[in-house]
Amino acid sequence: MAQRFTDAIRPVFGSLLQTPEVEYFEGRSTLHADKRAKNMNVSELIYDWNSLDPQPLHPADPVLLNDETLRDGLQSPSVRDPSIEQKIEILHLMEALGINSLDLGLPGAGAHVVEHVTALAREIVTHKLKIKANCAARTHENDIRPIAEIVQKTGLPVQAATFIGSSPIRRYTEGWTDDFLLQTTEKAIKYAIALGLEVMYVTEDTTRCDPEMVKRLYSTAISCGAKAIVLCDTAGHATPVGAFALVKFVTQEVVQPSGENIRVDWHGHCDRGLAIANSMAALEAGARCVHACALGVGERVGNTQMDQMLVNLKLMGIAPWTQQDLTKLKQYCEAVSTATGVAIPVNYPVVGDDAFRTATGVHAAAVIKAYKKKDIELANTVYSGVPSHLFGLEQIIDVGPMSGKSNVQFWLERRGYRATDELIDRIYRRAKASDHTLNEAEILECVQAAH
């Protein structure tokens with residue numbers, strides 16, 4: 001039964017199923033939790049059930065990331081449109097994180113967007129940034145033409161990401177015929193190429209589109225000169241199995257028969273909370289680039305979370321992200337939060353205020369013991385699946401009703417206070433009588449009262 005289950009899920013989650021080199025004897029791992037050997041790595045103290053398959057996710061080509069924060073992310077009805085200065089700050093943080101490309105905006109939406117897109121394009125040229133640029137456009141000349149004009153003004157190559165709806169439900173609602181979609185696709189791509197633009201062809205709602213239309217639309221786009229195709233989970237419908245199946249179908253039935261070097265992208269939404277899992281499944285099936293937004297901002301419940309993609313690609317050892325410096329990840333998220341007005345939940349992974357913070361006695365005690373061993377990596381890993389130091393962060397020990405006295409002593413010593421028994425008892429009693437984690441002012445009241 002267990003083997004059949006493993007075989008069934010291996011095509012989608014092979015990267016999570018690799019057998020580690022650990023020997024077992026009488027049901028006990030040979031790994032020792034006391035880290036006796038001075039030179040033992042923290043990784044040797046973890047039995048990793050995330051790697052059980054002999055063929056983990058290791059794409060032949062580097063995984064690419066396209067940042068949609070400043071276009072698709074701004075379609076959320078709850079966000080503010082950032083100023084040009086704020087967008088430029090976010091652009092430089094994308095560059096610092098090694099993000100490969102970004103969607104500058106949809107110039108066809110009007111003069112305001114054209115102004116912002118032009119400013120961003122000039123910033124890339126002026127500072128010789130490595131990040132590449134694209135702009136969204138409906139499959140219409142009025143949307144495509146402004147992109148070419150921005151290219152002429154700034155000298156920056158900008159890919160035209162032309163999009164059109166595809167699913168039967170959308171076709172029925174709009175009254176679109178198959179011929180209309182195919183003719184519109186052909187006309188738009190040929191027009192963009194005639195203007196000197198490279199084309200990224202996007203079908204909306206691909207995850208609910210019938211195979212025949214998927215095949216016809218993408219085949220038409222490639223034959224007309226599109227260099228990249230984007231599969232979209234526009235309504236957040238997909239599961240990892242569906243994402244894997246769709247990417248595999250397009251790769252085998254469209255891209256490979258075309259004989260062209262076509263990049264396959266995945267663009268997901270998080271309506272079912274599966275955006276990251278779907279993106280990983282798409283990469284497993286052969287997609288090369290994932291589109292995402294900082295904090296997952298975007299329409300309805302949002303897009304794939306760019307920050308969480310970066311974290312997982314790094315922790316999974318996927319090139320080139322395993323070597324990428326991500327210590328500015330929180331700064332990137334905070335800049336987007338400030339610019340858009342979207343708050344970061346305290347329990348948000350990695351960059352939320354509580355991500356590496358504990359006031360629970362048992363948890364804190366383990367972290368404190370690791371600190372006493374003068375092992376930062378151990379302290380950042382013993383009660384966290386994400387080592388905080390990889391992202392420029394650290395474990396935080398606070399004091400609350402679930403704390404032990406070791407929390408109090410650590411808190412005081414960390415801030416240079418003399419941790420006497422009397423002071424520890426005073427703070428400990430106050431914490432036990434409280435209904436919340438004590439803030440700094442409350443603890444300092446105890447410190448002052450003890451003098």
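Heads up: these notes are all about the structure in this document. (Residues numbered from 1 in each chain as written. Predicted model: local features only at pLDDT ≥ 70, side-chain atom pairs only at ≥ 80, totals over all residues. Heavy atoms only, no water.)

## Quick look at the overall build of the protein
Within the protein one finds 16 helices and twelve strands. The C-alpha extent of the protein, read off along each of the three principal axes, is 80 × 55 × 40 Å. For the protein, restricting intrachain contacts to residue pairs at least 6 apart in sequence, the fraction spanning at least 24 positions comes to 73%. Of the roughly 21800 Å² that the protein leaves accessible, carbon and sulfur atoms contribute 51%. (Helix = DSSP H or I, 4+ residues; strand = E, 2+ residues; numbered from the N terminus. Contact = heavy atoms within 4.5 Å. Areas by Shrake-Rupley, 256 points an atom, 1.4 Å probe, with all protein chains shown as cover.)

## With respect to the nonpolar core
In terms of nonpolar packing, the biggest core is built from 97 residues, with Leu104, Ile124, Val250, Leu310, Leu313, Leu329 and Tyr332 touching the most fellow members. Discounting residues that sit within four places of it in the chain, Leu104 has contacts with Leu70, Val117, Leu120, Ala121, Ile124, Ala133, Asn134, Cys135 and Val158. By size, the runner-up hydrophobic cluster in this structure holds twelve residues, among which are Val399, Val408, Leu423 and Ile443. (Core = buried A, V, L, I, M, F, W, Y, C linked by side-chain atoms within 4.5 Å. Buried < 20%, exposed > 50% of the residue type's maximum accessible area, 1.4 Å probe, protein only.)

## Focus on helix H4 (residues 141–154)
Owing to its 3.6 residues per turn, the α-helix aligns residues three or four sequence positions apart on the same side. Between its first and last C-alpha, H4 extends 20 Å over 14 residues, near the 20 Å set by a 1.5 Å rise per residue. Those residues of H4 hidden inside the fold are in contact with helix H3 (111–126), strand S5 (132–138), strand S6 (158–165) and helix H6 (178–194). One or two residues past the end of H4 sits Gly155, with phi positive at roughly 80°. (Expected span 1.5 Å × (residues − 1).)

## Let's talk about the pairing of strand S10 (residues 289–292)
Burial along S10 is two-sided: Cys289 and His291 facing one way and Val290 and Ala292 facing the other are all buried. As defined by bridge partners, strand S3 (residues 64–67) adjoins S10 across four bridges and the pair is classed as parallel. If you follow Asn66 over to S10, its bridge partner there is His291. In terms of strand pairing, strand S9 (residues 263–268) meets S10 through three bridges, oriented parallel. Note on S10: the bridge partner recorded for Trp266 is Val290. Each parallel crossover has a hand, and the one from S9 via helix H9 (residues 275–285) to S10 is right-handed. (Pairing = 2+ DSSP bridges. Right-handed = clockwise from strand over helix to strand, strands pointing away.)

## Considerations on the packing of helix H7 (residues 211–224) against helix H8 (residues 240–258)
Where H7 contacts H8, the two axes come as close as 10 Å, and the packing angle between them is 30°. When the interaxial angle is binned, H7 and H8 end up roughly parallel. Between H7 and H8 lies a crossing of right-handed hand. Packed against H7, whose contacting residues are Pro211, Val214, Lys215, Tyr218, Ser219 and Ile222, the element H8 presents Phe249, Val250, Glu253, Val254 and Ser258 at the interface. Among the residues making up the contact of H7 with H8, the classes are represented as seven nonpolar, two polar and two charged. (Axes fitted to C-alpha atoms, helices over the stretch in contact; angles between N-to-C directions. Parallel < 35°, antiparallel > 145°, perpendicular 65-115°, else oblique. Left-handed = near helix turned anticlockwise from the far one by under 90°. Nonpolar A, V, L, I, M, F, W, Y, C, P; charged D, E, K, R; others polar.)

## Points about the pairing of strand S8 (residues 228–233)
It is a general feature of regular strands that their side chains alternate between the two faces of the sheet. Among the six residues of S8, six are classified as buried, and the element is accordingly described as predominantly covered. Burial of the side chains of S8 extends over both faces: Ala228, Val230 and Cys232 are buried on one face and Ile229, Leu231 and Asp233 on the other. Pairing analysis gives four bridges linking strand S7 (residues 199–204) to S8, with the strands arranged parallel. Looking at S8, one finds that Tyr201 is bridged to Ile229.

## Overview of the sheet that holds S6
Spatially, S3-S4-S5-S6-S7-S8-S9-S10 is the arrangement adopted by the eight strands of the closed barrel, whose pairing is parallel. Recorded for the sheet is a direction-independent mean angle of 25° between the axes of neighbouring strands. Against the sheet, H4 makes contact with S5 and S6, and its axis sits at roughly 155° relative to S5, the strand it touches most. The strands touched by H7 within the sheet are S7 and S8, with S7 carrying the most contacts at an inclination of about 170°.

## Observations concerning the packing of aromatic side chains
Following the criterion strictly, the structure yields three aromatic pairs and no others. Both rings, one in Tyr201 and one in Tyr218, keep their centres 5.8 Å apart while their planes meet at 85°; by these two values the pair is edge-to-face. Placement of Tyr201 in strand S7 and of Tyr218 in helix H7 is noted, with a sequence separation of 17 residues between them. According to the relative accessible area criterion, Tyr218 is buried, its value standing at 0%. Looking at Arg415, its charged tip hangs above the ring of Trp411, at a distance of 3.9 Å from the centre. (Phe/Tyr/Trp six-rings, centres within 6.5 Å; stacked < 30°, edge-to-face > 60°. Lys NZ or Arg CZ within 6 Å of the ring centre and 35° of its normal.)

## Looking at unusual backbone geometry
Geometrically, the link from Ala319 to Pro320 is a cis peptide bond, its omega value of 0° lying close to zero. One non-glycine residue with positive phi stands out, namely Asp205, at about 60°. Within the fold, Asp205 resides in the loop between S7 and H7. Given the relative accessible area of 7%, Asp205 is considered buried. A positive phi angle is found at Lys374, which is not glycine, with a value near 60°. Note on placement: Lys374 falls in the loop between helix H12 (361–372) and helix H13 (376–379).

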